[in-house]
Structure formats: structure tokens, C-alpha cells
Amino acid sequence: MAIDAQPERRAGRLPGAPLTVLADPASDVVVTDIPARLDRLHWGRFHTLVVVALGITWILDGLEVTVTGAIAGALKSSPVLHLTDEQVGLAASCYLIGAVSGAFGFGWLTDKLGRKRLFNITLGLYLTATALTAFSTHFWVFALFRALTGAGIGGEYAAINSAIQELIPARYRGHTDLVINGSFWVGAALGALGAVVLLDSHWLSAELGWRLSFGLGAALGLVILFLRRFLPESPRWLMLHGRLAEAESIMKQIEERLDVTPPTQPLPKLRLRPRELRMADVARTLFRDYPQRTAVTLVLMACQAFFYNAIFFTYALVLGRFYGIADDRMGWFLLPFAAGNFLGPLFLGRWFDSLGRRPMIALTYAMSGLLLAVTAWLFGEGVLTAQTQTLAWSVVFFFASAAASSAYLTASENFPLELRALAIALFYALGTAIGGVIGPWLFGVLIGSGQRGAIVGGYLGGAALMLVAAVVAWRWGVAAERRALEDIAAPLSLENVESEARR
């Protein structure tokens, strides 16, 4: 879908003759049709490369989280670390604290220095930290490297989400974003299989096995670091920072790679005056211009963060303590769970572009909460086996995975381009800090108590949060499907735009 011409009409300029990028040296005003050209592209090998090279972030995160969960028993029985249930949960919280810090710091730098530069830096940090985790000698060293690993992943979220949103055409954006976020569970499956092999005492000792598990992500990341060499900087980011010649050159290369035919009619254009983003601009945008969107996005992020992190980080502890599943078999129980999580966004994602954001976000959050409440009751009654518990969780997270992915989609497309990466980082950081950091530690304590009733209470709390988020999304969410990013939220640098009431 082409860019809506509304921003052009607001600027007092109707689309005229074909124009790509022009600049008035005296006024520093830029007139460009680059956003419209990006959104009119058909899907091609270039977009597939974007998805593979950038979407790997979620696979790496899934691998990291799953490995830590799957080897929880090995970490507890390790003669060197000998972690307690509470320390396993605390290490997971350290990973999330690192992710929050990395998202905030790297998010600001991503908007300032560019998408491409930062998604290489953050991947490098991740590779180094996860490899060093294998050499941990006691709990606090282990926790430190987990925090640094999380910082790399958190920074990746900001840099990658913003780049993907700006490079994928509007009509594909929702489904693509959900599937990419859902690929977390491809990493989860890899982590589960890797843990099964590396914790098999027939092959390796448990102590060596858990250490080698952290090398899986580093090996995969090295391959992706190579692929990212072939990705360009975002033309939208270059356009907003006055680097017009580079933006036009990259845009032409993309069109040539996709063999795009010239448009039959002039494309809508934007008039921009590039300027430096200040923190005052961020505060004014979030709390004065878009307060409703800010509140909705924060609720969605915080609720899914508690729901996901509390349950998944302690998944292996529940299976081990209440169902007697051995450490070396844990990965097999994670595989169907990972499959349900990946299939949810894969099959439900297309409806976010057709039926719309609001109904689908509300539906997936509501179904997640209701199904978890039923599962909690069955767990409390003691009628589930390890197999049926895993099946129940797989069904719950078929919907929860799509819901969580839609929270990232909401954060990445509902705010102006100039602060896109920082907005993603802020909402990820605040949502994770509010809902995610305490979850693994809290559930680690509840599971350590050995009382089913206490754990059921925690599950019901997570279910209630998801139902609240469903109501908020249905009532106050934004219908962003198939709309250009500049139409959803006008750029701050858009020239001659009067202040208007925004939802």
C-alpha cells in the first residue's frame, strides 16, 4: 500500500511531478518520496535477507532463555556453581535486568548513530558475553555474564525492530513482525535439543555439558554477523538525518535488486526539516502528543513480560519438582512447548493485517489469560501429568506468543520515526522492569516452597494481567494495519504541520 497523502496535504503541497529527494540549502527542507517507494515494493530476496539476518535476534534470545531453563538442574547439581532454585530464578532476573539496561542505552544510540552500526555492536556484545558465561566459576560471575548477554539482546531489540519496521512494506508489516518475534521459539527448540545432547551423560559430563551449551548461541551469532554485512542502513533513518545522497543510493539499489517498475502515477511526498532529537522531544511526544498510545503500549508490554518470564524461566523447575523429569530429558518437554509458541504467530499473524490490530491483540491476550487460568486449576487439582501439563502450556502459549509479539509490534509502529528505536527500548525496558524482572524470582520462590496452591496463585495473577491487557487493547488500541508508518504517526521533522489531537 502506498503512503497516505495526508501528510503532504497537511504540508500544503499536493503530489506533483515525480520526485525522489530534493533539498533547499537555504531552508534545509527535504522533499522525499522514499517512504512511499519502500512501501510499494513487492516481497523479494532483499526482504528475505532482512528477515533472516535481523530476525535472528529472537532466535538467539530463545536459545539463551531455553538453555538456561533446560540446564537448571545441571546448574543446581554442578560441583562448581551448585545453584539453588532461588539463584536460578535470580540469574534469570539478572539476564532481564541486563536486557532492560541494554535496550535503553543502545536504543538511544540507535536513533542517534544509525540502525546498521548498532545492530552489529549489540550482536558483538552478545557473542562475547554468552561465550564467557561458559567459564563461570561461581554464582555472581555467572550472573554478571548473564546480565551482559541480556544487555546485548536488549540492544538488539531496539536496533532490529526499528530496522525491520522501516524496511518491510506496510501490507506485510504485521504478519512479518509477528513471525519474526515468534522465531524466538525456533531458538528455544534449538536450545532444547542442544541441551538434550550436551547433558546426555553418555556423551559428556554434566559439568562440561552445561558450559558447552552457551557456545551454541555464539556459534550461531558468528554466522549472522557475516550475513549482516550485506544489509544497508535504513533509508528512512538516513532521510531523517539529512544524508540524502546515501538514502537515495540505497533506495535505488533496493529497487534494482527487486526489478521494480516505475510508478504509473506520482507517489506521495513528505516535506521534512531534519533536526537533532532531544529528550524533551521524547517526553513531549510520549506524554503530551500520544499519552493514550503510551499507556496502552506500556500495559501490553508489562503484562506479557510478567506472564512470559515468570512461567517460562521456571518451566524446568516445575517439571523437575512436581513431575520428576530428569535433567537430561528436560529438552524433550520443551520441544512441543516451543512448537506451540512458534505456530501461534505463524498462523495467527496474517489476521493482524486483515482483521486488524485491535481485535486480534485483544483476542490473543484474552485467550492466553483464560486458558492459563484453566491450566492453573488443573495443576492445583493434581490431575495433570508431565505430558498433559506440557500440552496445556503449549495451547496457552499458542495464543500468548502472538500476544507478546503484538506488544512489540505496537511499540515499534505507533510513534514517530525519529524516536522509533528509543520508544521500543523504553517500552521494552519499562515493561520488562515492571512485569518481567520480578516474575522469575517470584516463581522461583513459589516453586521452592513446594506448595501447589502458592504456584496456582501466581498463575492466576498472570492470567488476570493478560485479561486486563485484552480490555485495554480493545478499548484504546490503534488500528495500524496496512498503514504507512508516517501515516500512523507523523514524523517530528514534518514541515509545516499544525499540532493536532492524537489518540
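Residues numbered from 1 in each chain as written. Predicted model: local features only at pLDDT ≥ 70, side-chain atom pairs only at ≥ 80, totals over all residues. Heavy atoms only, no water.

Trainee: Sorry, what's going on with the overall build of the protein chain here?
Mentor: Looking only at helices and strands, the protein chain has 23 helices and three strands in total. Here the protein chain holds 503 residues, and 60% of them are scored as buried. Restricting to contacts in the protein chain with at least 6 residues of sequence separation, those with at least 24 account for 86%. Accessible area for the protein chain stands at about 18,500 Å²; split by element, carbon and sulfur atoms hold 66% of it. (Helix = DSSP H or I, 4+ residues; strand = E, 2+ residues; numbered from the N terminus. Buried < 20%, exposed > 50% of the residue type's maximum accessible area, 1.4 Å probe, protein only. Contact = heavy atoms within 4.5 Å. Areas by Shrake-Rupley, 256 points an atom, 1.4 Å probe, with all protein chains shown as cover.)

Trainee: Would you mind going over helix α21 (residues 438-449) with me for this structure?
Mentor: Three or four residues apart is the spacing at which side chains of an α-helix point the same way, because the helix has 3.6 residues per turn. Here α21 is twelve residues long and its end C-alpha atoms lie 17 Å apart, about the 16 Å a rise of 1.5 Å per residue gives. Among the residues of α21, those classed as buried are Gly439, Pro440, Phe443, Gly444, Leu446 and Ile447. Taken around the axis of α21, the buried residues stretch over an arc of 165°, which confines them to a single face. (Expected span 1.5 Å × (residues − 1). Arc of directions from axis to C-beta.)

Trainee: Is there a simple way to explain the packing of helix α15 (residues 291-312) against α21 in this structure?
Mentor: The angle between the axes and the distance between the axes are what describe a pair of packed helices. For the pair α15 and α21, interaxial distance at closest approach is 7 Å and the crossing angle is 40°. As summarised for this structure, α15 and α21 are arranged oblique, according to the angle between their axes. Read as a crossing pair, α15 and α21 show a hand that is right-handed. On the side of α15, the interface is formed by Phe306, Asn309 and Ala310, while α21 contributes Ile438, Gly439, Pro440, Leu442 and Phe443. (Axes fitted to C-alpha atoms, helices over the stretch in contact; angles between N-to-C directions. Parallel < 35°, antiparallel > 145°, perpendicular 65-115°, else oblique. Left-handed = near helix turned anticlockwise from the far one by under 90°.)

Trainee: Mind showing me how you'd approach the pattern of salt bridges here?
Mentor: Going through the model one piece at a time under the given rule, you end up with 20 salt bridges. A salt bridge links Arg115 to Asp111; its shortest N-O distance comes to 2.7 Å. This pair shows no difference in class: Arg115 is buried, exactly as Asp111 is. Notably, a salt bridge pairs Arg173 with Glu413, separated by 2.9 Å at the nearest N-O pair. Here Arg173 is found in helix α8 (residues 170-182), whereas its partner Glu413 is found in helix α19 (residues 386-413), with 240 residues between them in sequence. Exposure remark for Glu413: the relative accessible area of 2% places this residue in the buried category. (Salt bridge = Lys/Arg side-chain N within 4 Å of Asp/Glu carboxyl O.)

Trainee: I would appreciate a short explanation of unusual backbone geometry in the present structure.
Mentor: In terms of backbone geometry, most residues other than glycine have negative phi values and most peptide bonds are trans. With phi around 55°, Asp259 is a residue other than glycine that occupies positive phi space. Within the secondary structure layout, Asp259 lies in the loop between α13 (244-257) and β3 (270-272). With a phi close to 60°, Arg482 is a non-glycine residue in the positive phi region. Considering the arrangement of structural elements, one finds Arg482 in the loop between α22 (452-476) and α23 (485-488).

Trainee: For this particular structure, what's the right way to read the side chain of Thr285?
Mentor: In this structure, Thr285 sits in helix α14 (residues 279-289). Here Thr285 is in contact with Tyr290, Pro416, Leu419 and Leu492, once residues within four sequence places are set aside.

Trainee: How should the packing of aromatic side chains be read in this particular structure?
Mentor: Summed over the entire model, instances satisfying the criterion amount to 17 aromatic pairs. Taking the centre distance of 6.1 Å and the plane angle of 35° together, the rings of Tyr408 and Tyr428 count as tilted. Taken as a pair, Tyr408 in helix α19 and Tyr428 in helix α20 (residues 420-436) lie far apart in primary sequence, 20 residues in all. The same class applies to Tyr408 as to Tyr428, namely buried. An aromatic cluster is built from Phe184, Trp185, Phe307, Tyr308, Phe337 and Phe397, whose rings are joined through pairwise contacts. Looking at Arg358, its charged tip hangs above the ring of Trp474, at a distance of 5.5 Å from the centre. (Phe/Tyr/Trp six-rings, centres within 6.5 Å; stacked < 30°, edge-to-face > 60°. Lys NZ or Arg CZ within 6 Å of the ring centre and 35° of its normal.)

Trainee: Where do I start with the pairing of strand β2 (residues 29-32) in this structure?
Mentor: When a strand is regular, its side chains alternate between the sheet's two faces. Side-chain alternation along β2 places Val29 and Val31 on one buried face and Val30 and Thr32 on a second face that is also buried. Pairing of β2 with β3, which is carried by three bridges, proceeds in the antiparallel orientation. For Val30, the partnering residue across the bridge sits in β3 and is Leu272. (Pairing = 2+ DSSP bridges.)

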